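Results of the structural survey
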Amino acid sequence: MQQRTGHDVTAAADRPGLMAPDTSGMNFYRADPALTDLLRIHLPDRIFNHIEPHLDRLGGLAGGYLDECARLADRHPPVLHQRDRFGRDVQWIEYHPAYRELEKAAFGEFGIHAMSIRKGVLGWPDKYPVVAKHAFTFLFNQAEFGLGCPINVTDGCANLLANFGSDALKAKYLDGLTETNMAKLTQGGQFMTEKEGGSDVGTLTTSAVQEGNHWRLSGEKWFCSNADAEVVMLLARPRGAEGGTRGVGLFLMPRRLDDGSQNHYRIVRLKDKLGTRSMASGEIKLEGAIAYAVGNLDRGFVQMAEMVNSSRLSNGVKSTALMRRAYHDAMTVARNRSVFGSRIVDLPLGRRQLMKIALATEQALSMSFLTADALDRAEAGSQDAAALLRILTPILKFRATRDARKVCGDALEMRGGIGYIEEFATSRLLRDAHLGSIWEGTGNIVALDALKRAVGRHGADGALAADLHARLDDSAAVPQAWRDRLHGLTDRAIGFAREVASRAEKEAEARRATSLLYHVASAVGLAWEAQRIHERRGDARRLLLSRLVVDHRLSAGDPFRLTENATQAAIADRLLGEPPVGMAEVGELLVAA
Ligand SMILES: Cc1cc2nc3c(=O)[nH]c(=O)nc-3n(C[C@H](O)[C@H](O)[C@H](O)COP(=O)(O)OP(=O)(O)OC[C@H]3O[C@@H](n4cnc5c(N)ncnc54)[C@H](O)[C@@H]3O)c2cc1C
């Protein structure tokens, strides 16, 4: 089938009668010039050139075959069985063949879980930067969000093991976690949450007792995604250890013991979930399960926090993917559905809604790759980048996951009544989007992490301020007046965050302060990107998005003031159209009232 690269449907075969078409047959890579632009900015040419054909292939699959698999896997959730067909008490989870196809693509063909750990994936002689990996995450999750979790936790387990595991543990488990051969792959899981607390992890009651070279675990884990994972990283308290997070250790728990039998834990039941229905999340009873200590036992929580932070970045990217998919769907509807004699995209209120969807999506895209880039630079040894990463990660996770819920809802509404019907992807996107703000830390927990710990304890706001000012100084083609405005807003957002962080009685402002940091960072990031994209292909339109962030996210609005003025309409024209817009024209729109 011919793959579509834009939102207009012209071929008669793709026109579904009276209803608006959807994104079927769209190549999500080719339809996303902003993704290409950002990858060209953040990646060396040789890596970009190497991965581009693979991204192109994944983009086509995600808009077609994998999307259909995702729809089917969502409709046919996994089933837990207690016995095998010979009547033996062997637990197993039955997955729909469509889910297996999704696994084959993600783990087998593209090796997304292994890209930044193992050399040689997709024929590249080295490990990939995290930016490159998350380009694949971004495209894959536009089709399937449920499997996004197992991909990420398998990656995270391998990373933890590589960083903290003993040589013996690594020799036994690392290879399987990073395999792209499906027959040899062992997927990972991360079981932390217990009934007493998901946020308040220090209250966990799972206990560990040493027995020779291994430990025996007893207790219950309340939310275990990828419930039948072969290799699980979990937290438990060694008997006699102190209370709170200080007393918990990190353990690796294999699903199977050396003789091939199941380890001593049971999946009690699978959760009946709102979203991510394709993927099995279970409740698990640990009944003397054999596990191995990873790293120093008194550093268990600190070590696990590394996995949590890389998952938070991944969650930000995945929520951005949901928004991009929602944007494609909304644009496809708006450009092809006529109401009252006009296409929706030509109606003022339709354009306003599309711009809201587009703005949140582009902000998240910029923030995702700025954060992934900080991680790459931190891993290369930069202390500044490590501090920057410490604050970018929670602000991305907080705001992108929050925006995804709204954006997916708005895109659903753009499709009208059938957007609410499960035959279309929009309802699945909305159901999945609500999970982003819950797992790996709810919105409140992540906002408190950004403010109390990243700013209050680690002073990471200094690294953010320095980075944003430096990006503005490094964007000489951006009109000076705009750069001055952004310098000023940066200082105000940082100042506000510092004040909230320093005064316990201001804790209730943590979400607002985190959002302000996100908006300022994205406004600066968009301007910085605009200069680079303009240099390469003469398009400065991301600077208009920077203005919209300032207008709509960083300016106190008078609710009675009319905002639909000529400038806003002209900006929407440029952003909803295809042709590039040069710096001179953008510069005028940037400062127009
Ligand atoms: C589909 C799904 C899959 C999951 N998979 C996994 C998994 O694989 N592994 C795993 O370990 N966990 C998993 N989780 C669990 C998830 O991480 C937790 O549910 C989450 O961290 C919240 O913990 P909780 O449910 O105990 O809620 P609570 O911690 O009880 O939170 C309840 C409310 O209190 C708020 N709150 C908590 N502390 C504060 C505070 N200090 N200030 C203000 N508000 C606060 C929270 O924001 C939240 O709104 C999964 C959850 C879901 C829904």
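Structure's up top.
As the structure is a prediction and not an experimental result, all values here were calculated from the model.

**Re helix α11 (residues 425-436)**
- A rise of 1.5 Å per residue sets the reference length of α11, with its twelve residues, at 16 Å; its end C-alpha atoms lie 17 Å apart and thus fit the reference within 8%.
- With ten of twelve residues buried, α11 lies mostly within the body of the structure.
- Every buried residue of α11 is accounted for by A425, T426, S427, R428, L429, R431, D432, A433, L435 and G436.
- On its buried face, α11 is in contact with α3 (65-75), α5 (130-143), α8 (300-336) and α10 (383-414).

**Here we look at unusual backbone geometry**
- Its identity is not glycine, yet N226 carries a phi of approximately 55 degrees, on the positive side.
- The residue N226 is located in the loop between β5 (214-225) and β6 (231-238) in this model.
- The exposure class assigned to N226 is buried, which follows from its relative accessible area of 2%.
- The phi dihedral of E440 is positive, around 55 degrees, even though this residue is not glycine.
- Among the structural elements, E440 can be located in the loop between α11 and α12 (443-457).
- Given a relative accessible area of 14%, E440 falls into the buried group.

**Overview of the environment of V591**
- Along the chain, the position of V591 falls in helix α18 (residues 583-591).
- Look at V591 and you get exposed, because its relative accessible area is 53%.
- When the C-alpha positions of V591 and T567 are compared, they lie 9.5 Å apart, and in sequence the two are 24 residues distant.

Analysis parameters
Residues numbered from 1 in each chain as written. Predicted model: local features only at pLDDT ≥ 70, side-chain atom pairs only at ≥ 80, totals over all residues. Heavy atoms only, no water. Helix = DSSP H or I, 4+ residues; strand = E, 2+ residues; numbered from the N terminus. Expected span 1.5 Å × (residues − 1). Buried < 20%, exposed > 50% of the residue type's maximum accessible area, 1.4 Å probe, protein only. Contact = heavy atoms within 4.5 Å.

In short, the description is geometric, and any link to function would need to be established separately.
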